[in-house]
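Secondary and tertiary structure notes
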Amino acid sequence: MADERVVGIDLGTTNSLVAFMQSDKPVVIPGEDGLNLVPSVVALGGGRSMLVGNGARPILLSTPERAIYSVKRLMGRGVEDVVEELKFFPFRLVDDVQPGEVLRIKLGETEFTPPEISAHILRQLKRNAERYFGAPVTQAVITVPAYFNDAQRQATKDAGRMAGLEVLRLVNEPTAAALAYGLDREKEGIIAVYDFGGGTFDISILKLHEGIFEVIATNGDTHLGGDDIDNLLIAIALDDIAGDTGTDLRRDAEAIQAIRKAVIEAKIALSSQSMAQIDVQLPKGGHYRRELSREQFEQLIQPVVARTMAPCRDALRDAHLTPDQIDEVVLVGGSTRIPVVQQLVSEVFELPRRGKAPRTELNPDEVVALGAAVQANILGGGSKATEDMLLLDVTPLSLGIEALGGVVAKIIQRNSTIPASASESFTTGVDGQTNVAIHVLQGEREMAKDCRSLARFDLKGIPPMTAGMPRIEVKFLIDANGILHVSALEQRSGKQAEVAVKPAYGLTDEQVESMILESFDHAEEDIHLRQLVETRNEAETILSAVEKHRSHPAWQLLEPDERAEINSLSAELTVLKQGDDLQGLRAGTEALDKATHRFAELMMDDAVTSAIKGQTMQSADDKLGQGPTAPHPIAQAEFMERK
Amino acid sequence: MFGLPPKLNLDATALEKQFYRYSRKLHPDVHARASQQEQEWSLAQTSLLNDAYRTLKNPLDRTKYLLKLEGVQFEEDRGTNPSKVPADLLEEVFDLNMQLDELRQNQKMGEDDPQLRQDLEAAKNQFAGQLSTLDEQVRSRWAAWDEAWEQNDEAGKTAAKDAMTALLQRRSYLQNLVRDVEQTLGGS
């Protein structure tokens, strides 16, 4: 293949996905387990090796201190930003982090920065794509919440670099979703994208015209999502348990994880049922059960859902539009499956009155990744499907500099189309002064202390002159990723002033560089561990299938020695599964697989399309694609078809 | 850049069309596979295009920009300089400042005077109302400028220019005043 494929990645709070453009249609690339969604969970295996996604989930439940989820909430944030998060999320932060520094999280006894954790998720997605293509993948488009600030964007880009990906573009999630929807047919008009995900909320209003997707206004809350709904339910469960038994489980991470799992199940059930049960076996004994009606649920989450209304109205106001001027509203993010959320959207945009309903045809969990794949295709040189498409996005937050008295002077207004730039002149206040300090901020508030500090720059090397004489022209440029660049020029001497950037909450280039190297050091260990986990999963699949079908009539049709062989191989494999011997585990899995072939055949003969067939076939397929870059058998077939 | 005449009543649809046309040529997405140098060029050009489009799209910014082209210098004064108070507003501004001082004093002492707050709200709304009147007044001069420009009528151009400059300066003063009140009210 001449051109390397550029993939689109949705790095989500709860789940992450990778997609690419297959001829004229974006498709999600499944993982080795056949699933499209990779849970954004990272766990520490043995040594410093990491597990990602479904493989990390068991660790989250058994030893929560070795696992982390929803790390996106910590990206580009400082210790003072996350006080609220810590009440509900069992993040174990390193204590000595100072305000303005990058956070460090403890998994077991090892420390990680949020971009490093995200890099592990990205690396898993990269591997999934490489396995699917049978070729290396080094370039990607990654989506971020539209309302992410500069530090959060930079942290995401750093994570990409650590994962060995060149991030061609950061695309705003709602905008990506609009791209995915806009592909269907020639669309014109004004659409609103309401993106209510696991941890963030965005609203974007776009104008579609002849393939141009122009964002007019965007707004949101990077601290509002399905997680907040879960936390409400968890709080109730904890209260109930404390009331019934007198045990306070607030500090019991293991119990909280078990409850979290149960409340999420109940929440999902309530989108289609009028009643659900929260049912948890508590890890340290005891059982918690509670009925929850949809009505109670809706009442409970009302305050959370209502918080999405103000950003919607602000976005409309900034776009100078009234609700009835919005032609379509697209729903994105898992939380938009909740009926009361859909109802609220309909009300805000006055849809029922106009005989309309929100658009939900594309899977709200996948649409962002699909859109990222479209943008990846555009950047990768385009194709027939995307040739006229162009995305014009905006910066969500105003950019300013701190002026006298701690007031913010705005130099680039929010909702300005990016790339956007502004120039400001600075001078000295003292004779012979050679440095000028500049404080750059992002946010809408008037006072510097209420805005997000992006960076403090030192303009150095100014030729010594009388106070007020130098004229330093500083150029601020927000690029198409929404990331700020600064350059400075002393006008009277024409000398390029030196800009020393000290990013707040960010990593320096050197730090990012060293984190890349560190991960290479552990690459071999990582691969071994991953294979071990995958083979373990495979073994587990076969074992449980055998167990399940022992009651099947076909079991009795087997010769006694066949049954004995299956039994002894099963017992052996059960033991192997506990250990770390990869070769032994593989051999054991294959042996059991082979020994159960006749059993499977008999069951088929029995005219029963039983599950065991699918499962053994599945595991056979998997074995073909064990290596990280080995071609996926299914993918290969597709390549051939297209030729 | 847009090849449009320096007139203030402009064809928004034509402007948008031009903007899209240039975006298709210049945008970094179109040059994602080009050399580093071309990418930098594309970034610089597109930011210029976006800045230009934004200025022209906004009626006030457009007027200011045109006046600047005509040599008018606006003071980038972010405060409410007492020496710049428009004569007819002197009394009102004086009263307002007294009230603001009183409110700040109250805030310092931890006291609250609902009547004072209400008065300030009312004053703020009244000034904000004047702002939109001013916007209308600026707009009403556009035609005068455009016509003078077409006729090449220098005297007419200068008259329109001076009138708009005066209106905009008054507007800028009022804007700062409203912001001052908002800030002080918001701070309690």
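See the structure shown above.
Residues numbered from 1 in each chain as written. Chains lettered and ligands numbered in written order. Predicted model: local features only at pLDDT ≥ 70, side-chain atom pairs only at ≥ 80, totals over all residues.

1. Quick look at the overall build of chain B
From N to C terminus, chain B includes 6 helices and 0 strands. Taken from the N to the C terminus, the helices and strands of chain B come in the order α-α-α-α-α-α. At 22 Å, chain B has a C-alpha radius of gyration far larger than the 16 Å of a compact globule built from 188 residues. Overall, chain B is about 65 × 45 × 25 Å in size when its C-alpha atoms are taken along their principal axes. Burial status across chain B gives 17% buried among its 188 residues. Sequence separation of 24 or more characterises 64% of the internal contacts of chain B that already satisfy a separation of 6 or more. (Helix = DSSP H or I, 4+ residues; strand = E, 2+ residues; numbered from the N terminus. Rg over C-alpha atoms; globule rule 2.2 N^0.38 Å. Buried ≥ 20, exposed ≤ 12 C-beta atoms within 10 Å, placed from the backbone. Contact = placed C-beta atoms within 7 Å.)

2. Things to note about the packing of helix α6 (residues 226–245) of chain A against helix α7 (residues 253–269) of chain A
All names here are of chain A. For the pair α6 and α7, the least separation of the axes is 9 Å and the interaxial angle reads 120°. Judged by the twist between their axes, the crossing of α6 over α7 is right-handed. Two secondary-structure elements touch here, α6 through Ile229, Asp230, Leu233, Ile234 and Ala237 and α7 through Ile256, Ile259, Arg260, Val263, Ile264 and Lys267. Counted by class, the contact of α6 with α7 contains 8 nonpolar, no polar and 3 charged residues. (Axes fitted to C-alpha atoms, helices over the stretch in contact; angles between N-to-C directions. Left-handed = near helix turned anticlockwise from the far one by under 90°. Nonpolar A, V, L, I, M, F, W, Y, C, P; charged D, E, K, R; others polar.)

3. Points about helix α11 (residues 367–379) of chain A
If you check α11 of chain A, its first and last C-alpha atoms are 19 Å apart, about what 13 residues at 1.5 Å a residue would give, namely 18 Å. A large share of α11 of chain A lies buried, amounting to 13 of its 13 residues. (Expected span 1.5 Å × (residues − 1).)

4. What about the sheet that holds strand β7 (residues 67–69) of chain A?
Residues and elements named next belong to chain A. On the basis of which strands lie adjacent, the open sheet formed by 3 strands has the order β6-β5-β7 and antiparallel pairing. For this open sheet the edge positions go to β6 (50–52) and β7, each flanked by a neighbour on one side alone. In this sheet, adjacent strand axes meet at a mean angle of 20° when their direction is disregarded. The pairing of strand β5 (residues 41–44) with β7 spans 3 bridges and is antiparallel. Along β7, the bridge assignment pairs Val41 with Tyr69. Contacting β5, β6 and β7, helix α3 (residues 114–133) crosses the sheet at an angle of about 65° to β6. (Pairing = 2+ DSSP bridges.)

5. Digging into the sheet that holds strand β13 (residues 201–209) of chain A
Residues and elements named next belong to chain A. The mixed open sheet is built from 5 strands, whose spatial order is β17-β12-β13-β14-β18. Looking along the sheet, the strands with just one partner apiece sit at the ends: β17 (328–332) and β18 (390–392). Averaged over all neighbouring strand pairs, the angle between strand axes comes to 25°, with direction disregarded. With 5 bridges connecting them, strand β12 (residues 189–196) and β17 associate as parallel partners. Looking at β17, one finds that Asp195 is bridged to Val332. Running over the sheet, helix α5 (residues 173–182) touches β12, β13, β14 (212–221), β17 and β18 and is turned about 125° from β12.

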